[in-house]
2 protein chains.
Amino acid sequence: MTIAGPPVESIANARNASELAAIANDDMAELITKHPDRFLAAVACLPMNNIDAALREADRAIGDLGFKGVQIYTPINGKPIDSPEFMALYEKMAEYDLPIWIHPTRGRDTPDYSSEDYSRYRIFAMFGWPYETAVAMARLVFSGVLEKYPNIKFITHHCGSMVPYFGQRIASFGRTIVPRQGMTKPPIEYFKMFYGDTALSGSTLGLTCGYAFFGAEHLLFGTDMPFGDEYGDPCGRIISSVESMDIPDSDKRKIFAGNARRLLRL
Amino acid sequence: MTIAGPPVESIANARNASELAAIANDDMAELITKHPDRFLAAVACLPMNNIDAALREADRAIGDLGFKGVQIYTPINGKPIDSPEFMALYEKMAEYDLPIWIHPTRGRDTPDYSSEDYSRYRIFAMFGWPYETAVAMARLVFSGVLEKYPNIKFITHHCGSMVPYFGQRIASFGRTIVPRQGMTKPPIEYFKMFYGDTALSGSTLGLTCGYAFFGAEHLLFGTDMPFGDEYGDPCGRIISSVESMDIPDSDKRKIFAGNARRLLRL
């Protein structure tokens, strides 16, 4: 199958992130229309450098294009995910009752040591990306976003990143952290409100830990595409890693499809 | 029991880190001599700002005071743990065949976002410390330290931090990282050479993941003292978390005592 992509000139002529996001979303919508046998739905990218434009694009993507959620990055242009300017998006997505995918981002130019000026050995991605996800989750919890929007659905990459393994550490630290921003439950309970994808590069071990932390209803199949064969068939390994989990088949069906159907209201 | 500690004037009169480390180690040695019913051995602190002094203090602590290993921090004065100046210590500890404990460090003044000037909600410690450990482990692997000293024993805090959960991610990334510094095995095999303590704040879930990654011979009982009751009986919870693991009793005995006896040659 050849995927054409948007005309190069329309990208070159875009005046800002808002127009670029619209081009990308329109192209995704076209892809779904053309190939309903392969694609069920899409998730919108948003021009988060302009929250008003992002809110409009979310409405357009969900309302006009039939998209089933939005994806944001963390950090957002260097800013924390709980910055006041982004709250309107969380309110909107809670109203739509559709998920927000969070993808971490960090570049080689973020050094791991104050004595260095860049990150060696791709550590910025190997560990830095999961770290960014964990920090974002903590910021959403401790700023009270999950308290304020109890039905909000954040889907985290890499199966909740550091959170399942460090669940008890979070619980332990949580006792000592103030202010609580009106939180009515122990902090760890909010961490369990997140959803995690299965993109742990094929680790049944990690998935089992994530499953025990989040529960069967909060894991969703995800593959880390477009990582390809240089990483050794990542997609196939992730499918096998779910199949190898020592859990009921009914829970595997939830992870592979049922949870996504429920969250995306397909 | 009252523990007196070194005379205040000897600390005030110390001219440098080297003298301070000697005071601390001497005092630890005295404590062990006075209370052989409570303490079996100690681990040296080292003046890592001066590697020659650190090497001398390691020799003195192990040779004269009978200490059973050394503890270093990561980062080391802002520098990566695999900086060339520290290699002489790793060579020495490989020759002694005694362990090096690695403890992470990071302060509130290390922000989590480029738009901020300090870390909120104690994230620098909750997730930042385990992140520092994972980065240090990666640096030791990819710089070839574990290839060069195959019998070296690094004991990592928080049960290997991010490494067990992200084992397959590391394996996956490892395929793509060059240069390999003469490494003869896939990178993930070196990560399995580390040892992990049980200080996961009482998480049987995390320990089970760490156990599956490192193996029963590479886990050592550790408690995260002096964290106290504000964290909810951390010591008791860590003991329970090991006891609750669904593993053979013989492996629990290794984790509680046998592995320490072997590594510390007690």
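Residues numbered from 1 in each chain as written. Chains lettered and ligands numbered in written order. Predicted model: local features only at pLDDT ≥ 70, side-chain atom pairs only at ≥ 80, totals over all residues. Heavy atoms only, no water.

A look at the sheet that holds strand E3 (residues 100-104) of chain A
Residue and element names in this part refer to chain A.
- Read across the sheet, 6 strands follow the order E1-E2-E3-E4-E5-E6 without closing on themselves; strand pairing throughout is parallel. Single-partner strands in this sheet number two, and they are strand E1 (44-45) and strand E6 (219-220).
- Bridge count between strand E4 (residues 154-156) and strand E5 (residues 195-197): 2 bridges; the pairing is parallel. Its bridge partner being in E5, Thr156 is matched across the sheet by Gly196.
- Where helix H4 (residues 87-96) meets the sheet, it contacts strand E2 (70-74), E3 and E4, and its direction lies at approximately 150° from that of E2. (Pairing = 2+ DSSP bridges. Helix = DSSP H or I, 4+ residues; strand = E, 2+ residues; numbered from the N terminus. Contact = heavy atoms within 4.5 Å. Axes fitted to C-alpha atoms, helices over the stretch in contact; angles between N-to-C directions.)

What to know about the nonpolar core
- Residues Tyr90(A), Phe127(A), Phe191(A), Tyr90(B), Phe127(B) and Phe191(B) are the most contacted members of the largest nonpolar core, which totals 148 residues.
- Discounting chain neighbours no more than four positions away, the residues touching Tyr90(B) are Ile72(B), Ile76(B), Ile81(B), Ile100(B), Leu140(B), Val145(B), Tyr149(B), Ile152(B) and Phe154(B). (Core = buried A, V, L, I, M, F, W, Y, C linked by side-chain atoms within 4.5 Å. Buried < 20%, exposed > 50% of the residue type's maximum accessible area, 1.4 Å probe, protein only.)

Concerning the packing of helix H11 (residues 234-243) of chain A against helix H12 (residues 249-264) of chain A
All names here are of chain A.
- Remark: H11 packs on H12, axes separated minimally by 10 Å, with the N-to-C direction vectors making an angle of 150°. As summarised for this structure, H11 and H12 are arranged roughly antiparallel, according to the angle between their axes. Residues Ile239, Val242 and Glu243 of H11 form the contact with H12, whose participating residues are Lys252, Ile255 and Phe256.
- For the contact of H11 with H12, the class distribution of residues is 4 nonpolar, no polar and 2 charged. (Parallel < 35°, antiparallel > 145°, perpendicular 65-115°, else oblique. Nonpolar A, V, L, I, M, F, W, Y, C, P; charged D, E, K, R; others polar.)

Focus: the relation of the copies chain A and chain B
- The two copies are related by a screw operation: chain A maps onto chain B through 180° of rotation and 0.0 Å of translation along the axis, at an RMSD of 0.1 Å. Both copies of the chain, as the preceding transformation shows, are related through a two-fold rotation axis. (Least-squares fit on C-alpha atoms with pLDDT ≥ 70 in both.)

Thoughts on the interface of chain A and chain B
- Residue-level contacts link 66 residues of chain A with 66 residues of chain B.
- Here chain A packs against chain B, burying approximately 5700 Å² in sum over the two surfaces, 66% of which is carbon and sulfur.
- Per-residue buried area on chain A facing chain B is highest for Tyr113(A), Tyr121(A) and Tyr165(A); these three make up 16% of the total on that side.
- For Arg139(A), the salt bridge is made with Glu116(B), and the minimal N-O distance between the two is 2.8 Å.
- If you look at where chain A meets chain B, you find 18 residue pairs in polar contact (both at pLDDT 80 or more).
- Elements supplying a minimum of two residues to the side of chain A that touches chain B: helix H5 (123-126), helix H6 (128-142), helix H8 (167-174) and helix H10 (204-214) of chain A. (Buried area = accessible area lost by both parts, 1.4 Å probe. Salt bridge = Lys/Arg side-chain N within 4 Å of Asp/Glu carboxyl O. Polar contact = N/O pair within 3.5 Å; in protein donor to acceptor, adjacent residues only side chain to side chain.)

Here we look at the pattern of salt bridges
- The full count for this structure, using the stated rule, is 28 salt bridges over all chains.
- With its nearest N and O atoms 3.0 Å apart, the salt bridge here joins Glu85(B) to Lys79(B).
- Classification of Glu85(B) as partly exposed rests on a relative accessible area of 31%.
- According to the relative accessible area criterion, Lys79(B) is partly exposed, its value standing at 31%.
- By sharing partners, the salt bridges in this structure join Asp82(A), Arg139(A), Glu116(B) and Arg120(B) into a single network.

Describing the confidence of the model for chain A
- Across chain A, the average pLDDT comes to 93, with 96% of residues at 70 or higher.
- Interface scoring of the predicted complex returns ipTM 0.94; its pTM is 0.95. (pLDDT = per-residue confidence, 0-100.)

Section: H4(A)
All names here are of chain A.
- Burial in H4 covers these residues: Leu89, Tyr90, Lys92, Met93 and Ala94.
- For H4, the secondary structure elements touched by its buried residues are helix H3 (51-64), E2, E3, H6, helix H7 (145-148) and E4.
- At the C-terminal side of H4, Asp97 shows a positive phi close to 55°.

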